[in-house]
Amino acid sequence: MTAAELQQAAKVLAAMFSCFPQSARADVDMQMRGYLAAVKDAELADVQAAIQRFIRGEARVDSAQFCPSSAQLSIEVRERRLMRELIAKRGGDSPVKLVKS
């Protein structure tokens, strides 16, 4: 990610942190550094999509009550990348037809 993309990723991470309860003893700066380090090699679009899925409760987690770990975020980011690549290979954003029209 570029420096500008890292700043944008920090903004979406901050939004995620505000949606989940945090420990009063948590060092927010260190948390932010850890999460950014976990996703720095990813595409910003995949990071944003992963965070949206956590906020919406769509990502697989043990408990949707707590902020996902940096490892859980990394896993979801990789899944978003895979989905984006599969859609691109298929030739676009058109949804899969499940029934005949």
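No experiment lies behind these values; they were computed from the predicted model shown.

1. Examining the nonpolar core
Part 1: Residues Leu13, Met16 and Leu73 are the most contacted members of the largest nonpolar core, which totals 21 residues.
Part 2: Of all the elements in the fold, those that place two or more residues in this core are α1 (3-19), α2 (28-39), α3 (44-56) and α4 (70-90).
Part 3: Broken down by element, this core gets its largest block of residues, 6 residues, from α1.
Part 4: Leaving out residues up to four positions away in the same chain, Met16 has contacts with Tyr35, Ile51, Phe54, Ile55, Cys67 and Pro68.

2. Some words on the packing of aromatic side chains
Aromatic ring pairs are defined here through the distance separating the ring centres and the angle between the ring planes.
Part 1: Under the criterion given, the structure shown has 1 aromatic pair.
Part 2: Taking 5.0 Å as the distance between ring centres and 75° as the angle between the ring planes, the aromatic pair formed by Phe17 and Tyr35 counts as edge-to-face. Within this pair, whereas Phe17 is found in helix α1, its partner Tyr35 is found in helix α2, the two being separated by 18 residues in sequence. Like Tyr35, Phe17 is buried.

3. What about a nonpolar patch on the surface?
Part 1: A surface patch of nonpolar side chains, amounting to about 270 Å² of accessible area, comprises Leu82, Met83 and Leu86.
Part 2: With relative accessibility at 45%, the residue Leu82 sits in the partly exposed group.

4. Re the side chain of Glu76
Part 1: With respect to the helices and strands, Glu76 occurs in helix α4.
Part 2: Residues within four places of Glu76 in sequence aside, it is in contact with Ala50, Arg53, Phe54, Ala59 and Arg60.

5. Comments concerning the state of the cysteines
Part 1: Taken as a whole and judged by the stated rule, the model has 0 disulfides.
Part 2: Counting only cysteine sulfurs, Cys67 is the nearest neighbor of Cys19, a cysteine outside any disulfide, at a range of 9.1 Å.

6. Description of the pattern of salt bridges
Part 1: Counted according to the given criterion, the structure contains 7 salt bridges.
Part 2: Across the pair Arg53 and Glu76 runs a salt bridge whose closest N-O atoms are separated by 2.6 Å. Residue Arg53 is located in helix α3, and its partner Glu76 is located in helix α4; the two are separated by 23 residues in the primary sequence.
Part 3: Among the residues examined, Glu76 registers a relative accessible area of 3% and is labelled buried.
Part 4: Residue Arg60 is joined to Glu79 by a salt bridge in which the shortest nitrogen-to-oxygen separation is 2.4 Å. Taken together, the positions of Arg60 in the loop between α3 and α4 and Glu79 in helix α4 put the pair 19 residues apart, joining distant regions of the chain.
Part 5: On the basis of relative accessibility, which here comes to 65%, the residue Arg60 falls in the exposed class.

So, how was this worked out
- All residue numbers here refer to positions counted from 1 along the written sequence of the relevant chain.
- Where totals are concerned, whole chains, interfaces and linings use all residues; where local detail is concerned, this predicted model gives features only for residues with pLDDT of at least 70, and gives and counts side-chain atom pairs only at 80 or more.
- Side-chain measures were taken over the full set of non-hydrogen atoms in the model, leaving aside hydrogen atoms and water.
- Nonpolar cores were defined as sets of buried Ala, Val, Leu, Ile, Met, Phe, Trp, Tyr and Cys residues, with membership established by side-chain atoms within 4.5 Å.
- Think of it in three bands: residues with accessible area under 20% of the maximum for their type are buried, residues over 50% are exposed, and the middle band is partly exposed, with areas taken using a 1.4 Å probe on protein chains only.
- Here a helix means four or more residues in a row that DSSP labels H or I, a strand means two or more in a row labelled E, and each is numbered from the N terminus.
- Pairs of residues are marked as contacts when any of their non-hydrogen atoms sit within 4.5 Å.
- Under the pairing criterion, centres of Phe, Tyr and Trp rings, with the six-membered ring standing for Trp, must be within 6.5 Å; the plane angle then separates stacked pairs below 30 degrees from edge-to-face pairs above 60, leaving the rest tilted.
- Patches were defined on residues exceeding 30% relative accessible area and lacking a salt bridge, with like-charge contacts within 9 Å and nonpolar side-chain contacts (Val, Leu, Ile, Met, Phe, Trp, Tyr) within 5 Å.
- In these tables, accessible area is a Shrake-Rupley quantity obtained with a 1.4 Å probe, and a residue counts as shielded only by the protein chains included in the view.
- Any Lys or Arg side-chain nitrogen found within 4 Å of a carboxyl oxygen on Asp or Glu counts as a salt bridge.
- For this text, the term disulfide refers to a pair of cysteine sulfurs within 2.5 Å.

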